[in-house]
Amino acid sequence: MINTLTDKKTSNYYYYLLAGLFLFSISILDVVLYSFFKINLTNFLPDILSLFLPLIIGFVGLHLIRIEYSGIKSIDLINKNINTNNFNAFLTLLIIFAIVKATPPSLSWMIFDANISGDSKEACTGTGACWTYVKVWFRRFMYGMYPNDLHWRINTAFILVIGLGFFGFFLKDNLKKYLALYYVIIYPIIAFLVIYYLISGGSFGLVWVETGAWGGLSLTFIVSFFCLIFCFPLGMILALGRRSNLPMIRYISVGYIEFWRGVPLITVLFMSSVMFPMFLPEDFFMDKLVRVIIAITLFEGAYCAEAIRGGLQSLPRGQYDAAKSLGMGYWKMHIFVILPQALKLVIPGICNTFLALVKDTPLIFVVGLAEIAGMLALAKTNPKWLGFAMEGYIFAAIIFWIICYAMSKYSYNLENKYKTER
Amino acid sequence: MSEPIIKIENVNKWFGDFQVLKDINLDVGAKQKIVVCGPSGSGKSTLIRCINRLEEHQKGTIIVDGTELSENTKNIEQVRAEVGMVFQQFNLFPHLSILDNCTLAPIWVKKMPKKEAEELAMKQLTQVQISDQANKFPGQLSGGQQQRCAIARALCMQPKIMLFDEPTSALDPEMIKEVLDAMVNLAKGGMTMIVVTHEMGFAKEVADEVIFMDEGMIIEKAETKEFFANPKSDRTKLFLSQIL
């Protein structure tokens, strides 16, 4: 046996390969059996050895697989990507084992031992997660303290706003030139009115619901939505301002950007609720939700500006020259030549800023507004439901992940759609 | 010579401490074709970029078609709309099709109706023989085709003067001819042209006058035949001996 393995003849390569695959499979099988079914094949060995045996066997197996080019596509792919040398083979094994070992406990906690039936804490008898908690609190996580029988108002408002958002895609060709105008000015105003009249109520026979009662995921959406559509134009203006030839405008833009980038968002939010009202006349009242939206917009606008500035700077100077030589003034040059190209380049950067913005919204908790993470924080202190923070946070994490993943997918789509050859 | 369409008087320009243009005086008459040559760094590109104020001059006056170039933005835009420019690096707008590249400025600067602008653009594109590429994007065209499109784009503004800033320097040798042909055609059509180039064949064929610049000064200015037959200054002789 030893002889055949050390003798490097072509006919032996398949023995290497088969032996390698066999050893590798044994090692994986051992770990799988142990972590899924608690069957320990190597019971008879001393503890330490039985722990490391799969690692050693797998390592030798991978080494044998790697010895020679096999001509089998899938195996060569493995060799090329995760089995290039001893060190990589070792890391590969460790990662595979870690995944295999971690799967059964997390699966059983999340699914097999979990409870979802019933509607009180007592229904959770299993050792796993208590999804009953999420189920019972689901409406609160979605709508906050908004009265239950009025949830249709939030739903209707969102459907209307989303519908209006798609409206732009179906504009007739001769109206297409107003598209930017629609999205930058008209759409935000309509969306604001829809949300104000439907969700706030107070007129048209709808009951007034104060913003303090708003909350949950719907509040996350409202805050993110308005901040996103306002901070983008603001960032654009600031980015242009920072590159302006007029010193006053440049200094103001630089000052603005550096100021807002230099302060933490949480202090900005505190200021918006504590300091800001002091500067306003006594009889002037501004809702705290509006204040928060303005604060986040001003804050994220500075980040947007820097992302957009990166795009403006990466355009070759020749584009400016060409536009100027055709007699275009500052605004025409930027609107038709510079911005369309620069904004394409900054889609990844802008997406980054927007994702950060969405994930920053939980901070509005500091001024007493409870969006989804805030609702969780409230729910976990409810005496009837103590001890289920984990389930809640996993639920919120999944929701945030879905939102952010959708946004990033959309940004990839935009990137591909507007790709131009240089 | 009739009343000059471009008058450059005592123009000086500095980049920081470095003086790029020193007391330039130049008159260009309508329909004149002038070739500017000289070693790199001699200020020839800067000079023609000053004519449509892509660069500012710090001293002296430049008058283009009766309008003096100054801080006045209105004047500058008016001059730029009358002066077409073709660049070494083509500088087409990569996000627009060839046709849109040509119609953008006429529509938005000259307020020409879209249909009329498209007809004009197709006419100009036919002149430079790329009308069949009209719906492609710049990235899909060869260098020579891009440069011809850039010429058509400038012509769509119906300029009185055309400036060429080393239009063939970034091209493969076999594409130079197609661009030069387009320029020769343009010259025969009676356009006022100022061309910065090292293509001496083109200069001999088209130019009325050749200007030799070095170190920010006009060293020699002479009629084309005279310039090539007996250049006066030693610097010019040396340059010509190296380039021809």
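Throughout this description, residue numbers start from 1 for each chain and increase along the sequence as written. As they are written, the chains are lettered A onward and the ligands numbered 1 onward, keeping that order. Local features in this predicted model are restricted to residues whose pLDDT is 70 or higher, and side-chain atom pairs enter the listing and the counts only when it is 80 or higher, whereas totals over whole chains, interfaces and linings include all residues. Where side-chain values are given, they derive from all heavy atoms of the structure, hydrogens and water being excluded.

K.L.:
Quick one: what's the story with the overall build of chain A, residue by residue and with numbers?
P.N.:
For helices the rule is a DSSP run of H or I covering at least 4 residues; for strands it is a run of E covering at least 2, with both sets numbered from the N terminus onward. Looking only at helices and strands, one finds 18 helices and one strand in chain A. With respect to the principal axes defined by its C-alpha atoms, chain A has extents near 90 × 70 × 45 Å. In what follows, residue pairs with any heavy atoms lying within 4.5 Å of each other are defined as contacts. In chain A, the share of contacts with a sequence separation of at least 24, taken over all contacts with a separation of at least 6, comes to 67%. By element, 71% of the accessible surface of chain A is carried by carbon and sulfur atoms, the whole surface being about 23600 Å². For this count, His and the chain ends are skipped, Lys and Arg are scored as positive, and Asp and Glu as negative. Charged side chains are reduced to one point each, which is NZ for Lys, CZ for Arg, CG for Asp and CD for Glu. Averaging the coordinates of the 33 positive side-chain charges in chain A and doing the same for the 23 negative ones gives two points 8 Å apart. Accessible areas in this description were obtained via Shrake-Rupley with a 1.4 Å probe; residue shielding takes into account the shown protein chains only.

K.L.:
Please provide a residue-by-residue account of the environment of F87(A), values included.
P.N.:
Tracing the chain through its elements places F87(A) in helix α5 (residues 86-112). Each C-alpha atom of the pair F87(A) and W331(A) lies 58 Å from the other, and the pair is 244 residues apart in sequence.

K.L.:
Before we move on, could you go through the packing of helix α13 (residues 288-314) of chain A against helix α15 (residues 330-345) of chain A and cite the residues and values that matter?
P.N.:
In helix packing, the relevant descriptors are the interaxial angle and the interaxial distance, both defined with respect to the helix axes. Residue and element names in this part refer to chain A. Here α13 crosses α15 at 120°, and the two axes come no closer than 8 Å. One way to sum up the angle between α13 and α15 is to call them oblique. Where α13 crosses over α15, the handedness of that crossing is right-handed. Two secondary-structure elements touch here, α13 through I308, G311, L312 and S314 and α15 through I338, L339, A342, L343 and L345. Lines are fitted to the C-alpha atoms to define the axes, a helix being fitted only along its stretch in contact, and any angle between axes, read from their N-to-C directions, falls within 0 to 180 degrees. Orientation labels follow simple angle bins: below 35 degrees gives roughly parallel, above 145 gives roughly antiparallel, 65 to 115 gives roughly perpendicular, and whatever is left gives oblique. Crossing chirality is assigned from the near helix's rotation relative to the far helix, an anticlockwise turn below a right angle marking it left-handed and a clockwise turn marking it right-handed.

K.L.:
Could you give me a rundown of a nonpolar patch on the surface, with the residues and numbers involved?
P.N.:
Residue and element names in this part refer to chain A. Taken together, Y178, L181, V184, I185, I186, I189, F192, L193, Y196, Y197, F204 and W208 make up a surface patch of nonpolar side chains, about 1200 Å² in accessible area. As for its position among the elements, Y178 is in the loop between α7 (151-167) and α8 (179-200). Categorising residues by exposure relies on relative accessible area from a 1.4 Å probe, with only protein chains included: less than 20% of the type maximum marks a residue as buried, more than 50% marks it as exposed, and the intermediate range marks it as partly exposed. Taking the relative accessible area as the measure of exposure, Y178 reaches 44% and is therefore partly exposed. By definition, no residue in a patch forms a salt bridge, and every one has over 30% relative accessible area; like charges are joined within 9 Å, nonpolar side chains (Val, Leu, Ile, Met, Phe, Trp, Tyr) within 5 Å. By definition, a salt bridge exists where a carboxyl oxygen of Asp or Glu is found within 4 Å of a side-chain nitrogen of Lys or Arg.

K.L.:
Hey, could you go over the pattern of salt bridges for me, with residue numbers and the actual values?
P.N.:
A complete count under the given rule lists 17 salt bridges over all chains for this structure. One salt bridge in this structure joins E71(B) and R53(B), with 3.7 Å as the shortest N-O distance. Separated by 18 residues along the polypeptide, E71(B) in the loop between β5 (67-68) and α2 (73-82) and R53(B) in the loop between α1 (44-51) and β4 (59-64) bring together distant segments of the chain. The class for E71(B) is exposed, based on a relative accessible area of 61%. Assessed through its relative accessible area of 7%, R53(B) is described here as buried. Residue D65(B) pairs with K160(B) through a salt bridge whose shortest N-O separation is 2.7 Å. Of this pair, D65(B) sits in the loop between β4 and β5 while K160(B) sits in the loop between α5 (143-155) and β7 (161-165); the two residues are 95 residues apart in sequence, bridging distant segments of the chain. The exposure class assigned to K160(B) is partly exposed, which follows from its relative accessible area of 41%. Linked by salt bridges that have partners in common, R242(A), E258(A), R261(A), E306(A) and R309(A) make up one network.

K.L.:
Give a detailed account of the sheet that holds β4(B), specifying residues and quantitative values.
P.N.:
All names here are of chain B. Any two strands with at least two DSSP bridges between them are considered paired. Across the sheet, four strands lie side by side as β2-β1-β4-β5; this open sheet has antiparallel pairing. Two strands in the sheet have a free side with no partner beyond their single neighbour: β2 (18-29) and β5. Across the sheet, α1 lies against β1 (4-15), β2 and β4, angled at about 125° from β1, the strand it touches most.

K.L.:
If you had to explain the sheet that holds strand β3 (residues 33-37) of chain B to someone new, which residues and values would you point to?
P.N.:
Residue and element names in this part refer to chain B. A sheet is described by the order of its strands in space; here six strands give the open sequence β6-β7-β8-β3-β9-β10, paired in mixed fashion. The outermost strands of the open sheet, each flanked by one partner alone, are β6 (83-86) and β10 (217-223). Neighbour to neighbour, the strand axes of the sheet diverge by 15° on average, direction disregarded. Note that β6 and β7 share four bridges and pair parallel. Bridging from a neighbouring strand, V83 pairs with I161 of β7. Lying on the sheet, helix α9 (residues 234-243) is in contact with β3, β9 (209-214) and β10; it crosses β9 at an angle near 100°.

K.L.:
For the interface of chain B and chain A, give the residues involved together with the corresponding values.
P.N.:
In this assembly, 25 residues from chain B lie in contact with 22 residues from chain A. Carbon and sulfur atoms make up 62% of the area that chain B and chain A hide from each other, which totals about 2000 Å². Applying the counting rule to chain B against chain A returns two salt bridges. With a shortest N-O distance of 3.0 Å, R49(B) and D321(A) are connected by a salt bridge. Contacts described as polar in this section are N or O atom pairs within 3.5 Å, which, within protein, must combine one atom able to donate a hydrogen with one able to accept it, while residues neighboring in sequence count only if both atoms come from side chains. Between chain B and chain A we count seven residue pairs in polar contact (both at pLDDT 80 or more) in total. Its residues assigned to classes, the side of chain B that touches chain A shows 14 nonpolar, five polar and six charged. A simple way to read buried area is as the amount of 1.4 Å-probe accessible surface that goes missing from two parts once joined, with both sides added. In this count, Pro and Cys sit with the nonpolar residues alongside Ala, Val, Leu, Ile, Met, Phe, Trp and Tyr, while Asp, Glu, Lys and Arg are called charged and the others, Gly among them, polar.

K.L.:
Just give me the short version of the packing of aromatic side chains, but keep the residues and values in it.
P.N.:
For Phe, Tyr and Trp, rings pair up if their centres lie within 6.5 Å, where Trp contributes its six-membered ring, and each pair is then called stacked (planes under 30 degrees apart), edge-to-face (over 60) or tilted (otherwise). In the structure shown here, the tally under the stated rule is 18 aromatic pairs over all chains. Ring plane angle 45° and centroid distance 5.9 Å describe the contact between Y256(A) and W260(A), whose orientation is recorded as tilted. On the criterion of helical spacing, the pair formed by Y256(A) and W260(A) is a turn pair, its members being four residues apart in helix α10 (residues 247-262). Of the two residues examined, Y256(A) and W260(A), each falls in the buried class. Each member of the aromatic cluster is reached from another via a ring pair, and the members are Y187(A), F192(A), Y196(A), F225(A), F226(A) and F230(A). Whether a charge lies above a ring is judged from NZ of Lys or CZ of Arg, which has to be within 6 Å of the ring centre and within 35 degrees of the ring normal. Positioned above the aromatic ring of Y251(A), the side-chain terminus of R250(A) is 5.6 Å from the ring centre. One residue, R153(B), lies across the ring of F93(B), its end atom 4.5 Å from the ring centre.

K.L.:
Account for α13(A), naming residues and giving values.
P.N.:
With 27 residues, α13(A) should cover 39 Å at 1.5 Å per step; its first-to-last C-alpha distance of 39 Å lies within 8% of that length. Burial within α13(A) is extensive, with 19 of its 27 residues counted as buried. Expected span, for any helix, means 1.5 Å times one less than how many residues it has.

K.L.:
Before we move on, could you go through the domain arrangement of chain A and cite the residues and values that matter?
P.N.:
Domain start and stop points were drawn from an automatic or database domain assignment. Domain parsing of chain A yields domain 1 (7-109) and domain 2 (135-146 + 209-417). Put simply, the middle of domain 1 of chain A and the middle of domain 2 of chain A, counted by C-alpha atoms, are 48 Å apart.

K.L.:
Describe the environment of K13(B), naming the residues involved and giving the relevant values.
P.N.:
Residue and element names in this part refer to chain B. Here K13 is to be found in strand β1. The sequence separation of K13 and L47 amounts to 34 residues, and the corresponding C-alpha distance is 9.1 Å. Non-local contacts of K13, meaning those with residues more than four positions away in its chain, are made with F18, Q19, V20, L21, T46, C50, E55, E56, H57 and Q58.

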